[in-house]
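One letter stands for each residue in the lines below.
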Amino acid sequence: MKVTGYRSLTTAHDWGRLIGDANGVMPESRTDVHVLILETDSGVEGVGLGAHGDIDRVFGAVEGEDPRAVFSLYDRMVDRVFKTGHSGATFGAIGAVDMALWDLKAKAAGEPLWRTLGGRDRFVPGYASGLDIALDDDALVRLYERFAERGFSAAKLKGGRSLEHDRRRLLALRDVLARNSEDPALMLDANESWNRSQAVRYITALERSVDLAWVEEPVRRWDAAGLASVRRGIRAGVATGENLTGLEQYRPLLDADAVDIVQVGNVWGITHFLRVAAVAHSRDLPVSPVAYHANPIAHAAVAVPNHLAFEVQDLSAPIGLHVDQEFEDGGIVLGDEPGIGIRVDEEHINAVRAADPPAAIDGPHVRPKRAGLRLVPDSLVPGSEDDRDGVRAGERVGS
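Cut-offs used in this document
Residues numbered from 1 in each chain as written. Predicted model: local features only at pLDDT ≥ 70, side-chain atom pairs only at ≥ 80, totals over all residues. Heavy atoms only, no water. Domains from an automatic or database assignment. Contact = heavy atoms within 4.5 Å. Buried area = accessible area lost by both parts, 1.4 Å probe. Core = buried A, V, L, I, M, F, W, Y, C linked by side-chain atoms within 4.5 Å. Buried < 20%, exposed > 50% of the residue type's maximum accessible area, 1.4 Å probe, protein only. Helix = DSSP H or I, 4+ residues; strand = E, 2+ residues; numbered from the N terminus. 1 Å grid on protein atoms, 1.4 Å probe; cavity = no way out; pocket = protein on both sides within 12 Å on 5 of 7 lines; lining within 4 Å. Points joined across faces, edges and corners; volume = space filled by probe spheres on them. Nonpolar A, V, L, I, M, F, W, Y, C, P; charged D, E, K, R; others polar. Pairing = 2+ DSSP bridges. Axes fitted to C-alpha atoms, helices over the stretch in contact; angles between N-to-C directions. Salt bridge = Lys/Arg side-chain N within 4 Å of Asp/Glu carboxyl O. Phe/Tyr/Trp six-rings, centres within 6.5 Å; stacked < 30°, edge-to-face > 60°.

1. Quick notes on the domain arrangement of the protein chain
You can read the domains of the protein chain as domain 1 (3-110) and domain 2 (115-351). Spacing between the C-alpha centres of domain 1 and domain 2 amounts to 21 Å. At the junction of the two partners, domain 1 supplies 45 residues and domain 2 supplies 48 residues. When domain 1 packs against domain 2, the two sides together hide about 3,700 Å² of surface, and 64% of this comes from carbon and sulfur.

What follows is the structure, given as structure tokens:
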């Protein structure tokens, strides 16, 4: 089997709600999902997910190669961009190709990827995470009631703009999840919107009434000293890592004893996750993947000894993707379809795409000008009708 080419598709996920975080809110409820299909001379095709605009920089490293040599091909892609670097968009392309290579490897073996990777159990423990900052309190409760119906007893709230707003909503989440646990796990994700003193003040104030399992990305992702300072100042654990692109970016955080929960983004691929999980395990730290559409890294999560919980952002699949997994008992139940269990209906995707214009790139993908430099709380939800000053309103965020 040899890799001979690739195809790129763009489909969409309809969330049925606006999604976002402390940095902003997407302008519409439908967002783009990028799909990569690797072609082989045997006719078997591999599926990878995630933006891969830089694929032409790395595809030459796998073209003509046997996709089953996936670890070697991963390093070959990284080596191919040695001088210019593998971070950012390039790392996304490497991740999408890597995912498709693993899909091909498992398909060639005629088994689901979780089995190829040595997983014993198809169940992946998870937590609910609705990207929910744009929702009012009633809509928030309705969303998490749907997660609770699937057995979830842990949830992560997007927050960091208003202390009382977050406190009220975290308590509401606790009440919703109480049907499944006497002591639900609650987390807060600030998405790098604070400086270190703001983070400690904010979280210690919250902790007077809410027990937090962890706070995620309280300061900048690379700020080892800042994350360590926050970790020493609060009871909750500190989680970070979803935006780190390469083992070398984890090293200073681990050396500074700055992280309690090591996170990995789904979009960076299977090999990256496995290597980060091994490094975390060497420090006796748990690993927790940050979700992406169809949850492809869930197949690898069951194969590592230190997986904690997998973020689940929605209970439905993107348009034109048929995903062999279910959500039950507070987690993901993986199926038996060979590979990563994603079948692509290209005809349907192309028909829908022709009828709808591309989604706008806005909202949480753009860091607000005054992030980490705010003195007073902001009672406004970014992107809401009351947020009339646009970016200027988005700058008035809690301390």
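On we go.
2. Overview of the nonpolar core
One recurring pattern in soluble globular proteins: nonpolar side chains tend to sit buried together. Leu-38, Leu-49, Leu-101, Tyr-144, Leu-212, Ile-270 and Phe-273 are the most contacted members of the largest nonpolar core, which totals 103 residues. If you tally residues by element for this core, the top one is helix α3 (residues 89-109), at 11 residues. Split by domain, this core shows at least three residues from each of two domains, domain 1 (3-110) and domain 2 (115-351). Dropping the residues within four chain positions of it, Leu-101 is found in contact with Val-3, Leu-38, Val-62, Pro-67, Val-70, Leu-73 and Met-77. Counting residues in each nonpolar core, the second largest holds 7 residues, with Trp-214, Ala-239, Ile-261 and Ala-309 among its members.

3. Section: empty space enclosed by the protein
For the structure shown, the criterion picks out 2 cavities of 30 Å³ or more. Considered as a void within the structure, the second largest cavity measures approximately 30 Å³ in volume. For the second largest cavity, the full set of lining residues is Thr-240, Gly-241, Leu-244, Tyr-250, Leu-253, Leu-254, Val-259 and Val-262. The leading source of residues in the lining of the second largest cavity is helix α9 (residues 247-255), at 3 residues. Along the lines of polarity and charge, the residues of the lining of the second largest cavity split into 6 nonpolar, 2 polar and no charged.

4. Quick notes on the layout of surface pockets
By volume, the largest pocket is sized at about 1,500 Å³. Forming the boundary of the largest pocket are 46 residues, of which Glu-242, Asn-243, Val-267, Tyr-292 and His-365 lie nearest the centre. Where the lining of the largest pocket is concerned, the elements lending two or more residues are β2 (20-21), β4 (30-40), α3 and β7 (154-158). Counting residues per element, the lining of the largest pocket draws most heavily on β4, which supplies 3 residues. Tallied by class, residues from the lining of the largest pocket come to 16 nonpolar, 17 polar and 13 charged. Counting only domains with at least three residues in the lining of the largest pocket, you end up with domain 1 (3-110) and domain 2 (115-351).

5. Focus on the environment of Pro-218
As for its placement among the helices and strands, Pro-218 is situated in the loop between β9 (214-216) and α8 (224-233). You can call Pro-218 buried: its relative accessible area is 0%. Along the backbone, Pro-218 and Arg-235 are 17 residues apart, and their C-alpha atoms lie at a distance of 14 Å. Not counting chain neighbours up to four residues away, the residues in contact with Pro-218 comprise Ala-190, Glu-192, Ser-193, Trp-194, Ala-199, Leu-227, Val-230, Val-238 and Ala-239.

6. Quick notes on the sheet that holds β4
One open sheet accounts for 3 strands, arranged β1-β4-β5; its pairing is antiparallel. At either margin of the open sheet sits one strand with a lone partner, and together these are β1 (3-14) and β5 (46-49). Each adjacent strand pair in this sheet contributes to an overall mean axis angle of 25°, direction not counted. In this sheet, β5 lies alongside β4 in antiparallel orientation, the contact comprising 4 bridges. Within β5, the position partnered with Leu-38 by the bridge is Gly-46. Across the face of the sheet, α3 comes into contact with β1, β4 and β5 while running at roughly 150° to β5.

7. Focus: the pattern of salt bridges
Evaluated as defined, the whole model comprises 25 salt bridges. A salt bridge links Arg-275 to Asp-75; the shortest N-O distance between them is 2.8 Å. With Arg-275 in helix α10 (residues 270-282) and Asp-75 in helix α2 (residues 70-80), this pair connects stretches of sequence that are 200 residues apart. Classification of Arg-275 as partly exposed rests on a relative accessible area of 26%. Classification of Asp-75 as partly exposed rests on a relative accessible area of 32%. Between Arg-343 and Glu-337 there is a salt bridge; the shortest N-O distance is 3.1 Å.

8. Considerations on the packing of aromatic side chains
Enumeration over the complete set of coordinates arrives at 7 aromatic pairs. Taking 5.0 Å as the distance between ring centres and 65° as the angle between the ring planes, the aromatic pair formed by Tyr-6 and Phe-59 counts as edge-to-face. Of this pair, Tyr-6 sits in strand β1 while Phe-59 sits in the loop between α1 (55-58) and α2; the two residues are 53 residues apart in sequence, bridging distant segments of the chain. Given a relative accessible area of 26%, Tyr-6 falls into the partly exposed group. Among the residues examined, Phe-59 registers a relative accessible area of 7% and is labelled buried. Seen from their ring centres, Trp-194 and Tyr-202 are 4.7 Å apart, and the 40° between their planes marks the pair as tilted. Grouped by ring-pair contacts, the aromatic residues Tyr-144, Phe-147 and Phe-152 constitute a single cluster.

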